[in-house]
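Below, each chain spelled out in residue letters.
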Amino acid sequence: MQSNIISRKRNAKIGQAIMFASTAFALIALVALLLNVLNRSFGNVIVRREIEPSVLSPTPLEQLSRDELNALVKRIADSDDYDGLTRGAYRRLDSEKPFAERSQAEILTVINERLIKEEVVASFTLWQTLFEPASVNAELAKLNNARKAGMPEARVEFRSWVNARFFTQTMGSVAELSGIRTAILGSLAVIAMTMAIALPIGVGAAIYLEEYAKKNRLNDLIQTNITNLAGVPSIIYGMLGLFVFVRALESFTSGAVFGIAGNNGRTILSAGLTMALLVLPIIIINAQEAIRAVPNSLRQASYGLGATQWETIRDHVMPAALPGILTGTILAMSRAMGETAPMVVVGASTFIVSDPTGPFSKFTTLPIQIYNWTAQPDEQFRNIAAAAILVLLIILLSLNMIAILLRNKMRNTN
Amino acid sequence: MLAENASIFYGAFRAVADVTLPVHERQITAIIGPSGCGKSTLLRAFNRMNDLVQSARVEGKILLDGDNIYAPDVDAVAVRRRVGMVFQRPNPFPKPIYDNVAYGVRLGNPRIPKPELDAIVEQSLRGAALWDEVKDKLKESGTALSGGQQQRLCIARAIAVQPDVLLMDEPCSALDPIATIKIEELMQTLKERYTIMIVTHNMQQAARASDYTVMMMMRPDRAGEMIEFDQTEQIFTNPRDKRTEDYVSGRFG
Ligand SMILES: Nc1ncnc2c1ncn2[C@@H]1O[C@H](COP(=O)(O)OP(=O)(O)OP(=O)(O)O)[C@@H](O)[C@H]1O
Ligand SMILES: [Mg+2]
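Residues numbered from 1 in each chain as written. Chains lettered and ligands numbered in written order. Predicted model: local features only at pLDDT ≥ 70, side-chain atom pairs only at ≥ 80, totals over all residues. Heavy atoms only, no water.

Please explain the overall build of chain A as it appears in this structure.
When helices and strands are tallied, chain A shows 18 helices and 3 strands. Rg of the C-alpha trace for chain A: 29 Å, well past the compact-globule value of 22 Å for 414 residues, more than 25% over. Out of the 414 residues in chain A, the part that is buried amounts to 42%. Across chain A, contacts joining residues at least 24 apart in sequence account for 74% of those joining residues at least 6 apart. The average position of the 38 basic charges and that of the 32 acidic charges among the side chains of chain A differ by 11 Å. (Helix = DSSP H or I, 4+ residues; strand = E, 2+ residues; numbered from the N terminus. Rg over C-alpha atoms; globule rule 2.2 N^0.38 Å. Buried < 20%, exposed > 50% of the residue type's maximum accessible area, 1.4 Å probe, protein only. Contact = heavy atoms within 4.5 Å. Lys, Arg positive; Asp, Glu negative; His and termini not counted. Charge placed at Lys NZ, Arg CZ, Asp CG, Glu CD.)

Here's what the structure looks like:
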């Protein structure tokens with residue numbers, strides 16, 4: 001009797017400890033991931049420049065207006081002091097695209113490429129920056145000792161790899177000049193396409209299943225299948241998208257039937273259709289739950305006043321279910337945002353610098369971009385990959401946060 | 001209205017058997033009987049609310065102005081416009097008080113001019129003895145009212161579409177005695193214009209507020225049947241059936 005209680009208590013303690021350990025493990029893994037990403041997104045770099053910007057202009061170049069920059073470039077060219085931008089070179093560049101028509105960013109790029117020639121020769125993690133400054137300084141000394149005569153000294157600077165330029169630049173062959181502009185716009189375009197397709201179909205299906213479908217074998221089968229579809233691995237959807245949308249329906253997804261020539265089927269439309277299939281079960285199931293949670297008394301009140309079924313759904317069921325449907329939509333968006341495998345299969349571009357222009361554009365997405373960068377040999381690509389991961393994580397976490405807040409709000413009002 | 005040999009089924013289960021019941025115009029008819037005997041089922045048959053239950057089926061006839069509301073060419077929606085309903089638990093829409101009352105009116109006439117709609121809303125809220133309490137907060141949500149006010153709002157909402165008949169399924173069971181009295185008084189004024197049927201478990205309420213009373217009881221096969229129908233006074237003072245006497249005097253159920 002006595003020993004029984006002791007052993008039961010011991011078992012309970014062991015169970016509790018195991019559950020605590022697994023929770024702790026999950027938390028530690030998450031924190032480790034975040035720290036790793038942060039570690040690479042910020043840190044010191046060793047920069048070498050042929051000309052220090054302060055030599056060209058006392059005020060920082062980024063703070064100059066377009067016209068001031070133009071005047072500066074003209075003055076430098078006229079002086080003929082710098083080999084990078086002689087009078088002749090200026091004339092050539094001006095005939096390619098008149099300086100008067102170039103944006104501030106474009107002129108800055110010219111100044112950087114022709115004169116400053118900034119180059120990151122080494123980058124360090126946040127940990128090294130904060131706790132191992134000796135290793136940074138050793139590297140700096142080594143580089144400066146080996147430098148050729150006449151070359152300016154390399155310097156140590158702190159750099160946040162997530163910066164304004166990172167968001168506005170397209171990808172390129174030099175890591176510190178590359179950005180996620182194309183990838184972000186591509187992700188947004190694919191998600192917009194996905195939602196435009198999946199939201200009406202998903203909500204429509206949920207309304208049908210909850211409000212119209214009679215209880216019978218066929219509808220039970222449909223319901224079971226939808227639930228199962230939510231568990232199908234995403235690569236399968238990718239294969240489906242490849243065979244159906246990219247290949248079989250190529251003339252449609254490439255825009256050929258609309259008279260748009262020169263594309264293959266690897267377009268935003270194909271990606272959106274594929275992703276729509278993938279998130280459809282999520283949207284349907286969440287919308288169904290939200291519709292089911294609408295109290296029956298509300299429907300009865302409406303019918304009792306002589307409203308038709310459609311009027312009841314439109315005026316009472318949908319408004320009451322809206323927060324739940326939105327929650328599902330946001331969850332679906334965050335899923336679509338993070339999915340990589342199906343996008344690889346459907347054929348997101350690995351190298352693309354032009355913004356998406358419509359449903360028949362080639363595209364890349366943020367996860368694809370990250371994947372490509374992590375595969376590059378150059379050390380600095382690892383930094384911008386980490387920066388892109390940070391951006392992606394922040395987007396995903398905020399989306400999920402909004403979904404949770406909406407769900408809580410819905411619980412409170414019910 | 002008139003029920004003729006009406007039987008109501010849920011699938012194979014007969015919940016109400018063979019009821020023939022004349023409902024007198026501009027009178028209040030109460031339905032009483034022990035729990036589960038089919039009172040709600042019978043009441044809901046009068047405006048085809050049972051249609052919402054997939055398995056439900058009605059045999060026999062229920063006549064409204066001489067026409068069978070279950071005839072194949074009759075639309076349930078049209079029936080419910082003429083036979084309104086108030087439910088056991090107050091169920092206002094989570095919308096402003098004004099919109100609660102205006103909803104049914106707008107369905108019938110989407111382009112109704114605002115002044116006309118305003119007039120109907122005021123008239124209906126006055127009719128439900130609620131106007132003075134809410135006239136300054138018509139924009140506030142109907143769900144923010146007290147239970148008794150909510151139930152009167154539901155009555156206002158029902159009479160706004162000017163039905164002929166009002167069905168009430170235990171409209172006071174979720175209310176306190178004061179709110180209950182208010183609703184009962186309201187029923188007395190409403191009966192000048194509407195035919196009212198009310199299901200109640202409260203014997204005093206049936207005795208106080210109704211003109212006619214239907215006594216229902218479950219048969220051994222669990223189907224509910226009407227065992228007595230008469231003027232309320234008769235039922236409560238001199239019932240013909242022994243079971244009615246036991247029930248109304250509280251010795252039963
Ligand atoms: N939707 C339904 N589906 C199947 N059976 C039902 C349904 N609604 C009611 N019933 C059955 O019909 C019978 C009568 O139910 P009803 O609700 O009409 O009783 P009631 O007299 O109103 O009872 P109460 O006084 O408790 O409200 C009961 O046996 C009940 O189980
Ligand atoms: Mg009942």
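Help me understand the overall build of chain B in this model?
Helices and strands together make up the secondary structure of chain B, namely 10 helices and 10 strands. Taking 18 Å as the expected radius of gyration for a compact globule of 253 residues, we find that chain B reaches 18 Å, a close match to that expectation. Across its three principal axes, chain B shows a C-alpha extent of roughly 55 × 45 × 30 Å. A burial count over chain B gives 55% of its 253 residues as buried. Once local pairs closer than 6 in sequence are excluded, the contacts in chain B between residues at least 24 apart make up 66%. Working note: accessible area of chain B is about 11,200 Å², and carbon and sulfur atoms make up 47% of it. Taking the 31 positively charged and 33 negatively charged side chains of chain B as two groups, their mean positions are separated by 5 Å. (Areas by Shrake-Rupley, 256 points an atom, 1.4 Å probe, with all protein chains shown as cover.)

What is the right way to read the interface of chain B and chain A from this model?
Quoted interface sizes are often the accessible area lost when the parts come together. Tallying the contact residues gives 21 residues for chain B and 16 residues for chain A. In total, about 1,600 Å² of surface goes out of reach between chain B and chain A, with carbon and sulfur atoms giving 64% of it. Our count for the chain B to chain A interface comes out at 0 salt bridges. On inspection of chain B and its partner chain A, the count reaches 6 residue pairs in polar contact (both at pLDDT 80 or more). Of all the secondary-structure elements, those providing two or more residues to the side of chain B that touches chain A are α2 (76-82), β6 (83-86), α3 (97-108) and α6 (147-160) of chain B. Looking at the side of chain B that touches chain A, its residues break down into 12 nonpolar, 4 polar and 5 charged. (Buried area = accessible area lost by both parts, 1.4 Å probe. Salt bridge = Lys/Arg side-chain N within 4 Å of Asp/Glu carboxyl O. Polar contact = N/O pair within 3.5 Å; in protein donor to acceptor, adjacent residues only side chain to side chain. Nonpolar A, V, L, I, M, F, W, Y, C, P; charged D, E, K, R; others polar.)

Where do I start with the domain arrangement of chain A in this structure?
Segmentation of chain A into domains returns domain 1 (43-160) and domain 2 (181-413). Measuring from the centre of the C-alpha atoms in domain 1 of chain A to the corresponding centre in domain 2 of chain A gives 43 Å. (Domains from an automatic or database assignment.)

Mind showing me how you'd approach the pairing of strand β7 (residues 165-169) of chain B here?
On a regular strand, one side chain projects to one face of the sheet and the next to the other, so that they alternate. Residue and element names in this part refer to chain B. Along β7, 5 of the 5 residues are buried, which leaves the element largely enclosed by surrounding structure. Where β7 lies against strand β8 (residues 195-199), 5 bridges are found, and the strand directions are parallel. Residue pairing in the sheet places Asp169 in a bridge with Val199 of β8. Regarding the hand of the β-α-β motif, the stretch spanning β7, helix α7 (residues 177-190) and β8 is right-handed. (Pairing = 2+ DSSP bridges. Right-handed = clockwise from strand over helix to strand, strands pointing away.)

Teacher, can you tell me more about the packing of aromatic side chains here?
In this description, a pair of aromatic rings is defined by centroid distance and the angle of the planes. Enumeration over the complete set of coordinates arrives at 8 aromatic pairs over all chains. These aromatic residues form a ring-pair network of at least three members: Phe166, Phe167 and Trp373 of chain A. When the ring centre of Trp161 of chain A is taken as reference, the NZ or CZ atom of Arg159 of chain A above it lies at 5.6 Å. The ring centre of Phe93 of chain B lies 4.6 Å from the NZ or CZ of Arg157 of chain B, which sits over that ring. (Phe/Tyr/Trp six-rings, centres within 6.5 Å; stacked < 30°, edge-to-face > 60°. Lys NZ or Arg CZ within 6 Å of the ring centre and 35° of its normal.)

What is the right way to read the site of ligand 1 from this model?
All names here are of chain B. For ligand 1, the set of nearby residues contains 14 residues, the closest of which are Ser35, Lys39, Ser40, Thr41 and His201. In this structure, an oxygen atom belonging to ligand 1 sits 2.6 Å away from a side-chain N or O atom of Ser40. Ranked by the residues each element gives to the shell around ligand 1, the list is headed by helix α1 (residues 39-45), at 3 residues. Taken together, the residues of the shell around ligand 1 break down into 5 nonpolar, 6 polar and 3 charged. (Near = heavy atom within 4 Å.)

Can you walk me through the pattern of salt bridges in this structure?
Charged atoms that come close allow side chains of opposite charge to pair. Residues and elements named next belong to chain A. Per the counting criterion, the structure on display carries 33 salt bridges over all chains. For Glu157, the salt bridge is made with Arg49, and the minimal N-O distance between the two is 3.0 Å. A residue pair is termed long-range when its members are at least 10 positions apart, and Glu157 in strand β3 (residues 155-160) and Arg49 in the loop between β1 (42-48) and α2 (53-56) qualify at 108 residues. What makes Arg49 buried here is its relative accessible area of 8%. Arg314 is the partner of Asp315 in a salt bridge, and the nearest nitrogen-oxygen pair spans 2.9 Å.

What is the right way to look at the sheet that holds β3 of chain A in this model?
In a beta sheet, neighbouring strands pair by backbone hydrogen bonds and run either parallel or antiparallel. Residues and elements named next belong to chain A. On the basis of which strands lie adjacent, the open sheet formed by 3 strands has the order β2-β1-β3 and antiparallel pairing. Lying at the two open borders of the sheet, with one neighbouring strand each, are β2 (119-123) and β3. Across this sheet, the average inter-strand angle for adjacent strands is 45 degrees, counted without regard to direction. Where β1 and β3 come together, 6 bridges link them in antiparallel fashion. Counterpart to Val45 in the pairing with β3 is Glu157. Most of the contacts of helix α7 (residues 133-145) go to β1, to which it runs at about 10 degrees, and overall it touches β1, β2 and β3. (Axes fitted to C-alpha atoms, helices over the stretch in contact; angles between N-to-C directions.)

For this particular structure, what's the right way to read empty space enclosed by the protein?
With a probe scaled to a water molecule rolled over the atoms, the places where space remains empty come into view. Residues and elements named next belong to chain A. Applying the stated rule across the entire model yields 2 cavities of 30 Å³ or more. Within this model, the largest cavity holds a volume of roughly 70 Å³. Around the largest cavity, the lining residues are Arg159, Trp161, Asn163, Arg165, Phe166, Gln169, Glu176, Ser178 and Ile384. Tallied by class, residues from the lining of the largest cavity come to 3 nonpolar, 3 polar and 3 charged. The wall of the second largest cavity is formed by Ser187, Val190, Ile191, Met275, Ala336, Met337, Glu339, Met343, Thr365 and Pro367. Elements supplying a minimum of two residues to the lining of the second largest cavity: α9 (181-212) and α15 (309-338). Across the lining of the second largest cavity, the residue classes tally to 7 nonpolar, 2 polar and 1 charged. (1 Å grid on protein atoms, 1.4 Å probe; cavity = no way out; pocket = protein on both sides within 12 Å on 5 of 7 lines; lining within 4 Å. Points joined across faces, edges and corners; volume = space filled by probe spheres on them.)

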